[in-house]
Amino acid sequence: MPDVIFEKRPSGVALITLNRPDSLNAMGGELMPLLAGHLRNCASDSEVRCVVLTGAGRAFCAGGDVKGMAAAKDILGGSNGGASTAPSAILARAVQTLRQSQRDTSFMLHTMPKVTIAMINGHAVGAGLSLALACDIRIASDKAKIGTAFRNVGFSGDFGGSYFMTKIAGIETARYMYYTGEIVDAERARSLSLVSKVVPHDDLEAETMKVAELIAAGPTLAYTRMKENLNRAETCDLATALDAEAMNMVLSGQTRDHMEAARAFVEKRQPTFTGE
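Overview of the structure. Just so you know, these numbers come straight off a predicted model, no measurement behind them.

**So, the sheet that holds strand β4 (residues 59–61)**
Sheet architecture is open: four strands sit in the order β4-β6-β8-β9, paired in mixed fashion. Edge positions in the sheet fall to β4 and β9 (184–185), since each has one partner strand and no second. Sheet topology places strand β6 (residues 123–125) next to strand β8 (residues 145–147); three bridges connect them, and they run parallel. Each residue of the ladder has a partner; that of Ala124, found in β8, is Ile146.

Structural data, given as structure tokens:
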């Protein structure tokens, strides 16, 4: 079986499952390159209207492959590049590799023109939590556990977790979670706004798909512009936000989905959105 399983459903929902259950879906093997490829394809596939990310087995994602790092010859988990390779070159290559992987996964989840949902079925820790936080929505099993855990392995954190947690839960919560490495249960995570919704474990897929299918049946281009507005609002001032909202509002009004919704309103029926 591949390290990532991809399923495109007739509803317009793409389900991406991290599939290294024996290692709690740690980011080793081909998991990250495969995930990056599927996300890139989802971003450009007009048939995909919502993306759900989850993990196989007992975990969503346990983060970096610490066993693999321990077996490697340098502290960043890469090979030593040969005896003649300068340490600075090894370091530069490792930094560039990590930066690219972050852009291909966390950045893509956060910025792709589709709504992304993390279906947190178990432990989401370290960089695995970062991937979940990069999604637009997080729906967690009542058995889920989340935490940064980077301090436990002497790392500072990656894949955007410090950015996303600060934006979602605030700087104080982010500092506490990073500095202590505390693992919290699903209800505590919800109280900190780190997950959107907690559901019984056995109902997790059904409840998540209910949300995903609702979104997939909606006005995809309007969602794209909503996501642009919301992402921009994380860093811009009010005047900039208002200018961007005005542009996206007018552009949304030119879509077939808006015209269909207007007709449906007049005809007193539910609109049928096509994503155009």
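Now that the structure has been shown, the text picks up again.
**Let's talk about the packing of aromatic side chains**
Applying the stated rule across the entire model yields two aromatic pairs. The interplanar angle of 85 degrees and the centroid separation of 5.4 Å between the aromatic rings of Tyr163 and Phe164 together place this pair among those described as edge-to-face. The class for Tyr163 is partly exposed, based on a relative accessible area of 33%. We classify Phe164 as buried; its relative accessible area is 7%. The cationic tip of Arg103 hangs over the ring face of Phe107; the distance from NZ or CZ to the ring centre is 5.5 Å.

**Topic: the environment of Thr180**
For Thr180, the position within the fold is in helix α6 (residues 171–180). Given the relative accessible area of 34%, Thr180 is considered partly exposed. Note: C-alpha distance between Thr180 and Thr220 (40 residues apart in sequence) is 40 Å. Here the side chain of Thr180 touches Tyr176 through a polar contact of 2.7 Å, landing on its backbone oxygen.

**Some words on the pattern of salt bridges**
As a working rule, side chains carrying opposite charge can pair if their charged atoms are close by. Counted under the stated rule, the structure contains twelve salt bridges. We note a salt bridge from Arg9 to Glu205, for which the minimum N-O separation is 2.9 Å. Residue Arg9 is located in the loop between β1 (4–8) and β2 (13–18), and its partner Glu205 is located in helix α8 (residues 204–216); the two are separated by 196 residues in the primary sequence. What makes Glu205 partly exposed here is its relative accessible area of 38%. Shared partners join several salt bridges into a network, and the residues in it are Glu260, Arg263, Glu267 and Arg269.

**Some words on the side chain of Thr17**
By secondary structure assignment, the location of Thr17 is in strand β2. Every residue in contact with Thr17, bar those within four places of it in the chain, is listed here: Asp3, Val4, Ile5, Thr54, Gly55 and Ala56.

**What about the state of the cysteines?**
One pass over the full model with this rule turns up zero disulfides. Here Cys42 stays unpaired: no disulfide links it, and the sulfur of Cys50, its closest cysteine neighbor, is 9.9 Å away. Unpaired in this structure, Cys50 has its nearest cysteine sulfur neighbour in Cys135, at a distance of 9.7 Å. Using a relative accessible area of 0% as the deciding quantity, one classes Cys50 as buried.

**Some thoughts on the pairing of strand β5 (residues 115–120)**
Most of β5 sits inside the fold, with six of its six residues counted as buried. Burial along β5 is two-sided: the residues Val115, Ile117 and Met119 and Thr116, Ala118 and Ile120 are all buried. Pairing of strand β3 (residues 50–55) with β5, which is carried by four bridges, proceeds in the parallel orientation. Looking at β5, one finds that Val51 is bridged to Thr116. As paired elements, β5 and strand β7 (residues 137–141) share four bridges and run parallel to each other. Bridge pairing in β7 places Ile117 opposite Ile137.

**A look at the sheet that holds β1**
With mixed pairing, six strands are arranged side by side in an open sheet as β1-β2-β3-β5-β7-β10. The sheet is open, and its two edges are formed by β1 and β10 (197–199), each paired on a single side. The average angle at which neighbouring strand axes cross in this sheet is 20 degrees, direction not considered. Sheet strands touched by helix α4 (residues 127–134): β3, β5 and β7. Its angle to β5, the strand with the most contacts, is close to 140 degrees.

**A word on unusual backbone geometry**
Phi at Ala149 takes a positive value of approximately 65 degrees, unusual for a residue other than glycine. Tracing the backbone shows Ala149 in the loop between β8 and α5 (161–169). Taking the relative accessible area as the measure of exposure, Ala149 reaches 17% and is therefore buried. Phi angles above zero are rare outside glycine, and Lys268 is one such case at about 55 degrees. Relative to the helices and strands, Lys268 resides in the segment after α11 (256–267).

Quick notes on the rules
- Residues numbered from 1 in each chain as written.
- Predicted model: local features only at pLDDT ≥ 70, side-chain atom pairs only at ≥ 80, totals over all residues.
- Heavy atoms only, no water.
- Pairing = 2+ DSSP bridges.
- Helix = DSSP H or I, 4+ residues; strand = E, 2+ residues; numbered from the N terminus.
- Phe/Tyr/Trp six-rings, centres within 6.5 Å; stacked < 30°, edge-to-face > 60°.
- Buried < 20%, exposed > 50% of the residue type's maximum accessible area, 1.4 Å probe, protein only.
- Lys NZ or Arg CZ within 6 Å of the ring centre and 35° of its normal.
- Polar contact = N/O pair within 3.5 Å; in protein donor to acceptor, adjacent residues only side chain to side chain.
- Salt bridge = Lys/Arg side-chain N within 4 Å of Asp/Glu carboxyl O.
- Contact = heavy atoms within 4.5 Å.
- Disulfide = S-S within 2.5 Å.
- Axes fitted to C-alpha atoms, helices over the stretch in contact; angles between N-to-C directions.

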